[in-house]
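# Structural characterization, general
Given next are the chains, with one letter for each unit.
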Amino acid sequence: MGCIPSKSSGNGVTVLDCLFFPEHGQQNLASIVKYLDAARTSIDACVFTITENQIAKALIRAKKRGVAVRVVTDNDKVNDIGSDIHQLQQAGIPVRVDNSPAHMHHKFCIIDNRILLNGSFNWTHAASTQNRENVVVCDGGGMISPFNKEFQKLWKEFAHNKLAADEHHNRL
């Protein structure tokens, strides 16, 4: 199961959760969804791929609540079977891709510029049900700034790599 929430000395980081996958009952996936559902102002997700429908639905719910949601992902994964990226884009969530031969392989999310989800966990159904994965959830402190800077850097770098609204339909 998870870890005991603890305050780190020196940098003000509070570890809220340590989530491990796979696990019986999908409680850890529900925890990730709970953090996304609790977002009030922003969600910046920088993830290799998204095929876990519960996570995609949580991002769309956030967008509908008025939360500013942005996604950076890998261009090679956008059109995979089961990919939720086009669904997110069609819901009005801005998506940018790396469009390079190298992978955009990050797996982190910043919620309300205060909560960080980070670990090996790909936002996929296989990651939540089969793969050995982890996510550490932190509140505030020195962890947010470097991840926020990385997200902003990629968002700017991939500004010309926006996912076109009709790209998915053109490939069918």
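A quick note: this is a predicted structure, and the numbers were derived from the prediction, not measured. Every residue gets a number counted from 1 within its own chain, in the order that chain's sequence is written. Totals for whole chains, interfaces and linings use all residues, but because this is a predicted model, local features are given only for residues with pLDDT of at least 70 and pairs of side-chain atoms are given and counted only at 80 or more. With hydrogens and water set aside, each side-chain value is computed from the structure's full complement of heavy atoms.

### Regarding the overall build of the protein chain
Numbering of helices and strands runs from the N terminus; a helix is a DSSP stretch of H or I covering at least four residues, while a strand is a stretch of E covering at least two. Broken down by element type, the protein chain carries six helices and eight strands. The burial tally for the protein chain puts 48% of its 172 residues in the buried class. Considering only contacts in the protein chain between residues 6 or more positions apart, those separated by 24 or more positions represent 71%. Residue exposure ignores everything except the shown protein chains as possible cover, and the areas themselves are Shrake-Rupley values with a 1.4 Å probe. Of the roughly 8500 Å² that the protein chain leaves accessible, carbon and sulfur atoms contribute 53%. For the exposure calls, accessible area comes from a 1.4 Å probe over protein chains only, and a residue counts as buried if that area is under 20% of its type's maximum, exposed if over 50%, partly exposed in between. Working rule for contacts: check all heavy atoms of both residues, and any pair within 4.5 Å makes them a contact.

### Here's the deal with unusual backbone geometry
Cis geometry marks the peptide bond from F21 to P22; its omega dihedral reads -10°. As for its placement among the helices and strands, P22 is situated in the loop between β2 (14–21) and α1 (27–37). Although it is not a glycine, Q26 adopts a positive phi angle of roughly 60°. Structurally, Q26 can be placed in the loop between β2 and α1. Backbone geometry places N99, a non-glycine residue, at a positive phi of 50°.

### Description of the packing of aromatic side chains
Each pair of aromatic rings taken from Phe, Tyr and Trp, with Trp reduced to its six-membered ring, is defined by centres within 6.5 Å and is described as stacked if the planes are under 30 degrees apart, edge-to-face if over 60, and tilted in the remaining cases. Counting across every chain of the model gives three aromatic pairs. Measuring from centroid to centroid gives 5.0 Å for F108 and F147, while their planes differ by 70°, and the two rings are edge-to-face. Residue F108 is located in strand β6 (residues 107–111), and its partner F147 is located in helix α5 (residues 144–157); the two are separated by 39 residues in the primary sequence. Neither residue differs from the other here; F108 and F147 are each classed as buried. Between the aromatic rings of F151 and W155, the centroid separation amounts to 5.8 Å while the plane-to-plane angle is 15°, which identifies the pairing as stacked.

### Comments concerning the confidence of the model for the protein chain
By definition, pLDDT measures how confident the predictor is in each residue, and it falls between 0 and 100. Mean pLDDT for the protein chain: 90, with 89% of residues reaching 70 or above. Note on residues 166–172: pLDDT is under 50 here. Beyond four places in sequence and across chains, it has six contacts.

### Focus: the pattern of salt bridges
Any carboxyl oxygen of Asp or Glu within 4 Å of a side-chain nitrogen of Lys or Arg constitutes a salt bridge here. Applying the stated criterion to the full structure yields five salt bridges. Measuring nitrogen to oxygen at the nearest pair gives 2.9 Å for the salt bridge that ties R70 to D44. Taken together, the residues R70 in strand β4 (residues 68–73) and D44 in strand β3 (residues 42–47) connect sequence positions 26 residues apart. In this structure R70 comes out as buried when scored by relative accessible area, which is 19%. D44 sits in the buried class, given a relative accessible area of 8%.

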